Amino acid sequence: MRNRHRRIQIDSAVRIIFQAVSYLSVIALIAMLGFVFYQGIRPFTAPTADQIQIVPEHIPQLTVNGRMYENRRSFIDIPMDAEGITIEFEHQGEHLVVNAGIDPSGDTWEEIITFPPELHQYITSPEAYMYTIILPSAVAGLEQRIHIQIPEPRQQVSAFLLGSEWRPVYRKLYGILPMIAATLLTTAGAVLLGVPLALLSSVLIAEFLGRRSASLVRSAVDLLAGIPSVVYGFFGLMMLVPLIQRIFGSSSGSSLLAAVAVLSVMILPTVISITVTSLKAVPAAYREASLALGATPLQTAWRVVFPAARSGITASVILGTARAVGETMAVMLVAGNSPQFPSSLTDSVRTMTATIALEMGYSSGRHNELLFSIGIILFVIIIALNAIIMKLKTNMQEVS
Amino acid sequence: MKSHPIRRMKEGMLYTLMYAATGIILSALVLILGYILYNGLGKLSIGFIFSSPQEGGIYPMVVTTAYVVITAMAIALPVGIITALYTTEYSRNSPGTRYIRLAIETLAGIPSILYGLFGLMLFSRVLGFGQSIIAGGLTLSIMILPVIIRTTEESLKAIPRSFREGSLALGTTQWQTVYRVVLPSALPGILTASILSIGRVVGEAAPVLLTVGIARNLPRSIFQSGRTLTIHLYYLTKEAIRPDDFEIAFAAAAVLVLFIIVVNTAARYTAAGYKKTMER
């Protein structure tokens, strides 16, 4: 009796553990959305910092707005609402005073901070949001420098989505419209090229081929699905890119066209396997009725079975589209990766996914956060496509 | 009644188109595999796989890939099997199960680069693993969960109800039935799931690039960065300077392709195996 009691205890414990573990996938999904959204939304909600930051170099002692710093290696913070910046220090035995005005309401970074004219000759190569004052020295390499970093303001959503220039490092321009265009164009091209092929072949596999040849073709399609995307990209780079270069005489074959060609092969397995499954799911009675009315097998396949499997086929095309949108490595290897609007099929393009993969390694600060914002856009596209598929599935269940 | 000649011609054209499309797809496969194997097999040898990059080999990359596979599988396999058991054996139609299914469906559709972003954020930065094999393994384990859960679910659903009823009628608890009757019959399905997900992990590149990194050394533990075969192939083609590099790249691609062929064949056999057992 006691033994039985223990068995039941174990049974209910296992049940609870299983339930808890099963929810891990829900938690993972929510965490994924949470982390990417949290990081990706930050550039649009706040400036990178609340202070102007000053870094001295080779200046042992300096006074900033009345406070003295000795051997300072890290940032000296000045609040944005300060009236100005006054930096005093010794330069070649002279007492130097650098003055700058702050206007926190300035629209561009040149307006936020202003320097007196006599200082302009010492300000070298100002980058966006970053000034460096270099004072000459007798010994090269020991010049006294003052770096002044202005915080980047809130990123405008419209400037991000509709901006046509992506120069994240020096000019801090973050417009991703060329990347959105590239993703849309490569995806549309792949769907236009790949889907007709896949559908024609699926009908053949599902309705006309015998058991053995159908299974042979399907295993070939499975193999196509298993080939790693890097291998697709490698093949495209070694084979297609030189071919395109030769045929079109362009300077580099890495192009929109190469990306479209590789992607159209990569989406085939997704479209074919789901289309074949949904064609096979059409009841035999449909075929029998059509054939009994005197329709040819071909008419039956295309006019009766194909429309009956419509929602499954639509779902397969949408899944293929999602695959093309999300593909990274293959596109990165063959598309050339210039963030520009393509004017012809042989122009180099860079997709959203490629931007994330290419720049994640070296980006920092706002640039890095904005790569997560690109991730949000991808998420939104994929979730919208998924929602359409879910809708189709409920429709399918209602029909059958 | 003879059919109209124009219609016959149309039908003939459509047949031609269907065969042509299938022909194009098959020749694309043959072209890709043939091109890579033809150019890569010459360099390929046991020595190539087991020597360091300085000697023109890929040993550290093979080891890193193996570590990533082991880490990912060690996490995803138990979680995946348990989830599949829960959604098919314990609670088929509860609201909770519906959420779990929805989550799995959504996870399956998310592009791998987004897994990379998430893994980089959570495992590398927040949990402090940095770019390491463990961070990549954790990331990929979430990515392959849907594959494992779905394939296992399918094999669980193929088990006849009479197996479970027979066992329960003998007075066993549900856990005993699951452990002694259901799981053993689902083993071939679970094996198929494992093989498919190993193939997926080995071939994955984008999330690995973000989470595991690109270090070329032999990793000493799973807390170090490394470079998987796919990333090695990517960097070889991107940074190729010497003609040797392309040769090595072809050979590395051939290794990947051969591995995928083996995985696909193995998965077909195990899948055919469990279908046959169930039909008996």
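Position labels on residues start from 1 in each chain and follow its written sequence. Following the order in which they are written, the chains are lettered starting with A and the ligands numbered starting with 1. Given that this is a predicted model, residues contribute local features only at a pLDDT of at least 70 and side-chain atom pairs are listed and counted only at 80 or more, while totals for whole chains, interfaces and linings are drawn from all residues. Side-chain numbers here rest on the full set of heavy atoms in the structure, without hydrogens or water.

Here we look at the domain arrangement of chain B
All names here are of chain B.
Then, in step 1: The domain limits used here are those given by an automatic or database domain assignment. Assigned domains of chain B: these are domain 1 (1-40) and domain 2 (46-279).
Then, in step 2: If you average the C-alpha positions of domain 1 and of domain 2, the two centres end up 34 Å apart.
Then, in step 3: Between domain 1 and domain 2, the residue contacts involve six residues of the former and seven residues of the latter.
Then, in step 4: In this description, buried area is defined as the sum, over both parts, of the accessible area (probe of 1.4 Å) that is lost when the two are combined. When domain 1 packs against domain 2, close to 560 Å² is buried across both sides, 90% of that on carbon and sulfur atoms.
Then, in step 5: Area buried by domain 1 at its contact with domain 2 is led by Ile36, Leu37 and Gly40, which between them contribute 65% of it. In this description, contact between two residues means that some pair of their heavy atoms is separated by no more than 4.5 Å.

Quick notes on the environment of Leu37(B)
All names here are of chain B.
Then, in step 1: Helix and strand assignments come from DSSP, with helices taken as H or I runs of at least 4 residues and strands as E runs of at least 2, each series counted from the N terminus. Relative to the elements of secondary structure, Leu37 occurs in helix 1 (residues 5-40).
Then, in step 2: Classification of Leu37 by relative accessible area gives buried; the value is 18%.
Then, in step 3: With twelve residues separating them in the primary sequence, Leu37 and Ile49 have C-alpha atoms 16 Å apart.
Then, in step 4: For Leu37, the contacting residues outside a window of four places in its chain are Ala254, Val257 and Leu258. Three labels apply to residues, based on accessible area from a 1.4 Å probe with only protein chains included: buried if under 20% of the type maximum, exposed if over 50%, partly exposed otherwise in between.

Quick word on the sheet that holds strand 2 (residues 61-64) of chain A
Residues and elements named next belong to chain A.
Then, in step 1: Any two strands are treated as partners once DSSP identifies two or more bridges connecting them. If you trace the five strands from one edge of the open sheet to the other, you get 3-2-5-6-7, paired in antiparallel fashion. Looking along the sheet, the strands with just one partner apiece sit at the ends: strand 3 (67-70) and strand 7 (113-114).
Then, in step 2: Examined bridge by bridge, strand 6 (residues 94-102) and strand 7 share two bridges and lie antiparallel to one another. Directly across from Ile102, in strand 7, lies its bridge partner Ile113.

Topic: the pairing of strand 5 (residues 84-91) of chain A
All names here are of chain A.
Then, in step 1: With three bridges connecting them, strand 2 and strand 5 associate as antiparallel partners. Note on strand 5: the bridge partner recorded for Leu62 is Phe89.
Then, in step 2: The pairing of strand 5 with strand 6 spans eight bridges and is classified as antiparallel. Bridge assignment links Glu88 to a residue of strand 6, and that residue is Val97.
Then, in step 3: If you look at the hairpin formed by strand 5 and strand 6, you'll find two residues sitting between the two strands, and Gln92 has a positive phi there, around 50°.

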